[in-house]
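Spelled out from the first residue to the last, the chains are:
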Amino acid sequence: MNRDLINAFRRKIQEGAVLGPFMKSGDPAFVEVAGYAGCDFAILDMEHGPESLKGMQNHIRAAQLTGMLPIVRVPSLSEVAISQALDIGAAGVQIPQITSAREAREAVRSARYFPEGERGVCRFVRAACYSAMERSAYFQEANQALVIIQLEGRQAIENLDEILNVEGVDIVFIGPYDLSQSLGIPGQITHPRVLDLMGEIVCRVAKKGAIVGTFTDSIDMLKLWIDSGVRYLSYSVDVGIFRDACSGIRAQFDTLCTEKRNKKHNR
């Protein structure tokens, strides 16, 4: 079901950079809109988002409908959560708060079938077309799902070299907000200390030949990370994008009303 999307995504990220938002709204229409807008992927958030596993199926369907890669950020490093996200059709899982090579191996083990892992087996799930898919084809395709690990604190950075040696990790994602908190400056993701540390991580990951990703919510930071070699770029959050658009429209509206009042008073 996801094979063509994953193959196209892998080609594109090897050639350059890919772009997609985090999605927290709880409405699959937002996911569908992002796909029609040309986003390469969407991170469907179950760590900080309100959506249930049952509802998440419709978000994945919306992404697949528009040719956009559905990535589910699971709530935690949990074998059950990872397996469930993949069972309902996620093309990849993004696992937060990875701090060690042991945890990175656990993430891969939970996301892949033998011989690459020990994911619990069930063919009567959406990802296997509810058992309509031929067995060997399903297991082979399922093992193509992306494994994305998030590094977000000092402990992860201290263990970075060991983490990067773990086989089966597709993308290393730097979480700037949690990283800023670990540095004692929560939320200050453009602080020089945060940017310097992130730049160091990007360089170390690149030297290992791995793909690195991060989050940003400004065009200036987007340019900075593209120029730095980051290839998996998450730009803002659906609700934040919508809020910014509404705020911009409101500001323009207020300007027009002020101009009209000024013209009236100047007559």
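Above this text sits the structure in question.
Parameters at a glance
- Residues numbered from 1 in each chain as written.
- Predicted model: local features only at pLDDT ≥ 70, side-chain atom pairs only at ≥ 80, totals over all residues.
- Heavy atoms only, no water.
- Buried < 20%, exposed > 50% of the residue type's maximum accessible area, 1.4 Å probe, protein only.
- Helix = DSSP H or I, 4+ residues; strand = E, 2+ residues; numbered from the N terminus.
- Contact = heavy atoms within 4.5 Å.
- Pairing = 2+ DSSP bridges.
- Axes fitted to C-alpha atoms, helices over the stretch in contact; angles between N-to-C directions.
- Phe/Tyr/Trp six-rings, centres within 6.5 Å; stacked < 30°, edge-to-face > 60°.
- Lys NZ or Arg CZ within 6 Å of the ring centre and 35° of its normal.
- Parallel < 35°, antiparallel > 145°, perpendicular 65-115°, else oblique.
- Left-handed = near helix turned anticlockwise from the far one by under 90°.
- Nonpolar A, V, L, I, M, F, W, Y, C, P; charged D, E, K, R; others polar.
- 1 Å grid on protein atoms, 1.4 Å probe; cavity = no way out; pocket = protein on both sides within 12 Å on 5 of 7 lines; lining within 4 Å.
- Points joined across faces, edges and corners; volume = space filled by probe spheres on them.
- Salt bridge = Lys/Arg side-chain N within 4 Å of Asp/Glu carboxyl O.

Student: Please provide a residue-by-residue account of helix H4 (residues 79-87), values included.
Tutor: Taken residue by residue, H4 has Ala81, Ile82, Ser83, Ala85, Leu86 and Asp87 as its buried positions. Along its buried surface, H4 packs onto helix H3 (53-65), strand S3 (69-73), strand S4 (92-95), helix H5 (101-111) and helix H6 (135-142).

Student: Can you break down the sheet that holds strand S1 (residues 18-23) residue by residue, with the values?
Tutor: With parallel pairing, the eight strands of this closed barrel are ordered in space as S1-S2-S3-S4-S5-S6-S7-S8. Averaged over all adjacent pairs, the angle separating strand axes in this sheet is 25°, with direction ignored. Relative to S4, H4 is tilted by about 150°, and along the sheet it contacts S3 and S4.

Student: Explain the packing of aromatic side chains residue by residue, including any values.
Tutor: Across all of its chains, the model carries eleven aromatic pairs by this definition. Centre to centre, the rings of Tyr177 and Phe215 are 6.1 Å apart; their planes meet at 55°, and the pair counts as tilted. Highlighted residues: Tyr177 in helix H9 (residues 176-182) and Phe215 in strand S7 (residues 211-216), separated in sequence by 38 residues. Under the relative-accessibility criterion, Tyr177 is labelled partly exposed at 37%. In this structure an aromatic cluster arises from ring pairing among Phe9, Phe22, Phe41, Phe173, Tyr177, Phe215 and Tyr232. Across from the ring centre of Phe124, 5.8 Å away, lies the NZ or CZ of Arg123, which sits over that ring.

Student: An account of the packing of H4 against H5 is needed here, citing residue identities and associated values.
Tutor: Taken N-terminus to C-terminus, the directions of H4 and H5 make an angle of 40°; their axes are 9 Å apart at the nearest point. The orientation of H4 relative to H5 falls into the category oblique. H4 and H5 meet at a crossing whose hand is right-handed. Each of Glu79, Ile82 and Leu86 in H4 lies in contact with H5, whose residues at this interface are Ala107, Arg109, Ser110 and Ala111. Each residue belonging to the contact of H4 with H5 can be placed in one class, and the counts come to four nonpolar, one polar and two charged.

Student: Lay out the layout of surface pockets with the relevant residues and their values.
Tutor: Considered as a void within the structure, the largest pocket measures approximately 270 Å³ in volume. If you go around the largest pocket, you meet 16 residues; those closest to its centre are Phe22, His48, Arg73, Tyr177 and Phe215. The dominant element in the lining of the largest pocket, judged by the number of residues it contributes, is H9, at three residues. Each residue belonging to the lining of the largest pocket can be placed in one class, and the counts come to six nonpolar, four polar and six charged.

Student: I'd love a proper account of the pattern of salt bridges, names of residues and values included.
Tutor: Under the defined criterion, the tally for this structure stands at 19 salt bridges. For the salt bridge of Asp170 with Arg10, the shortest nitrogen-to-oxygen distance reads 3.0 Å. With Asp170 in the loop between helix H8 (160-164) and strand S6 (171-174) and Arg10 in helix H1 (residues 3-15), the pair connects residues that are 160 residues apart, well separated along the chain. Using a relative accessible area of 27% as the deciding quantity, one classes Arg10 as partly exposed. The closest approach of N and O atoms between Arg109 and Glu106, which form a salt bridge, is 2.7 Å. Separated by three residues within a single helix, Arg109 and Glu106 lie in helix H5, roughly one turn from each other. Salt bridges sharing common partners tie together Arg10, Arg112, Glu116 and Asp170.

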